[in-house]
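Inside the fold
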Amino acid sequence: MIVDSLQNAAKYHSLHPNFKKAFDYVNQNDISKLEEGVIEIAEGLKVIVIVGEGTTKEESIKGFECHDKNIDIQISIKGPETFAWKPREKCISPNGDYSDERDVRFFHDKPDMFFQLQEKQFAILFPEDVHAAMIGEGTLKKIVIKVKIDA
């Protein structure tokens, strides 16, 4: 997992061929004005704009998840937003089977830590990062950029 500010995003372009495209999209658009929904920006790269009410830690960790085929770049637009996190290798209590269609695996495990993103900060969550999000108060707005791993 990586947590940083958008002003430092260029440091991470070399980690995946689509990271530069993802952050270029963010820099070339007013992300605060994006409408809720899904935007395909390139092969193996899509933006999901989410607007919703923040939840409690207890409610959020019911969706403690990780992905096998995608890296998430989660960017806070209106927050702050708190995340739960735990390394996948320490998760021992699956919550159902992996969904290939949705690329998601859930766990009953408790998080090791919580961290907070302020506006214009991001987290890069790899397949080894089990996470839950949307913890906070009031309306939260974020974008999740799905970066296909084999792209």
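Predicted model, so just to flag it, every value in this text is computed and none were measured.

Cut-offs used in this document
- Residues numbered from 1 in each chain as written.
- Predicted model: local features only at pLDDT ≥ 70, side-chain atom pairs only at ≥ 80, totals over all residues.
- Heavy atoms only, no water.
- Buried < 20%, exposed > 50% of the residue type's maximum accessible area, 1.4 Å probe, protein only.
- Helix = DSSP H or I, 4+ residues; strand = E, 2+ residues; numbered from the N terminus.
- Pairing = 2+ DSSP bridges.
- Disulfide = S-S within 2.5 Å.
- Core = buried A, V, L, I, M, F, W, Y, C linked by side-chain atoms within 4.5 Å.
- Contact = heavy atoms within 4.5 Å.
- Axes fitted to C-alpha atoms, helices over the stretch in contact; angles between N-to-C directions.
- Lys, Arg positive; Asp, Glu negative; His and termini not counted.
- Salt bridge = Lys/Arg side-chain N within 4 Å of Asp/Glu carboxyl O.
- Phe/Tyr/Trp six-rings, centres within 6.5 Å; stacked < 30°, edge-to-face > 60°.

Let us look at the pairing of strand β11 (residues 139-148). Extensive coverage of β11 is indicated by the burial of eight of its ten residues. Two strands pair when backbone bridges link them, and strand β3 (residues 45-53) and β11 are joined in this way by nine bridges, in the antiparallel orientation. Bridge assignment links Ile-48 to a residue of β11, and that residue is Val-144. Examined bridge by bridge, strand β5 (residues 70-78) and β11 share eight bridges and lie antiparallel to one another. Across the sheet, Asp-72 pairs through a bridge with Lys-146, a residue of β11.

A complete count under the given rule lists zero disulfides for this structure. Not engaged in a disulfide, the cysteine Cys-66 finds its nearest cysteine sulfur in Cys-91; these two sulfurs lie 7.1 Å apart. Residue classification places Cys-66 among the buried residues on the basis of a relative accessible area of 0%. Take Cys-91: its relative accessible area is 10%, and that puts it in the buried class.

Moving on, we come to the nonpolar core. Counting 24 residues, the largest nonpolar core has Ile-31, Ile-73, Ile-75, Phe-122, Ile-124, Ile-143 and Ile-145 as the members making the most contacts within it. Elements that contribute at least two residues to this core include exactly α1 (19-28), β3, β5, β9 (121-125) and β11. Leave out the neighbours within four places in its chain, and Ile-31 touches Leu-6, Val-26, Ile-75, Ile-77, Lys-141 and Ile-143. Core analysis: the second largest hydrophobic core is formed by nine residues, Ile-61, Cys-91, Ala-132 and Ile-135 among them.

Take the sheet that holds β5 next. Ordered by their spatial adjacency, six strands build an open sheet running β1-β9-β5-β11-β3-β2, and the pairing between neighbours is antiparallel. A strand with exactly one partner marks an edge of an open sheet, and here the two such strands are β1 (2-5) and β2 (37-42). Between one strand and the next, the sheet's axes are offset by a mean angle of 20 degrees, whatever the strand orientation. Where β5 and β9 come together, four bridges link them in antiparallel fashion. Within β9, the residue paired with Ile-75 across the bridge is Phe-122. Each of β2, β3, β5, β9 and β11 touches α1; the most contacted strand, β5, lies at about 15 degrees to it.

Turning to its location among the elements, Lys-141 is positioned in strand β11. The buried charged residue Lys-141 lacks any salt bridge partner; its closest oppositely charged side chain belongs to Glu-35, at an N-O distance of 6.8 Å. Not counting chain neighbours up to four residues away, the residues in contact with Lys-141 comprise Ile-31, Ser-32, Lys-33, Leu-34, Val-49, Ile-50, Val-51, Ile-75, Ser-76, Ile-77 and Lys-78.

Quick look at the packing of aromatic side chains now. For the structure on display, the rule yields three aromatic pairs. Summarising the aromatic geometry, the rings of Tyr-12 and Phe-122 are spaced 5.9 Å apart at their centres and angled 80 degrees between planes, so their arrangement reads as edge-to-face. Here the residue Tyr-12 occupies a position in the loop between β1 and α1, and Phe-122 occupies one in strand β9, the gap between them amounting to 110 residues. In this structure Phe-122 comes out as buried when scored by relative accessible area, which is 0%. For the ring pair Phe-83 and Phe-115, a centre distance of 5.1 Å and an interplane angle of 5 degrees mean the geometry is stacked. Note that Phe-83 is positioned in strand β6 (residues 81-87) and Phe-115 in strand β8 (residues 113-117), a separation of 32 residues in sequence. A relative accessible area of 10% means that Phe-115 is categorised as buried.

That is the geometry; function is a separate question.
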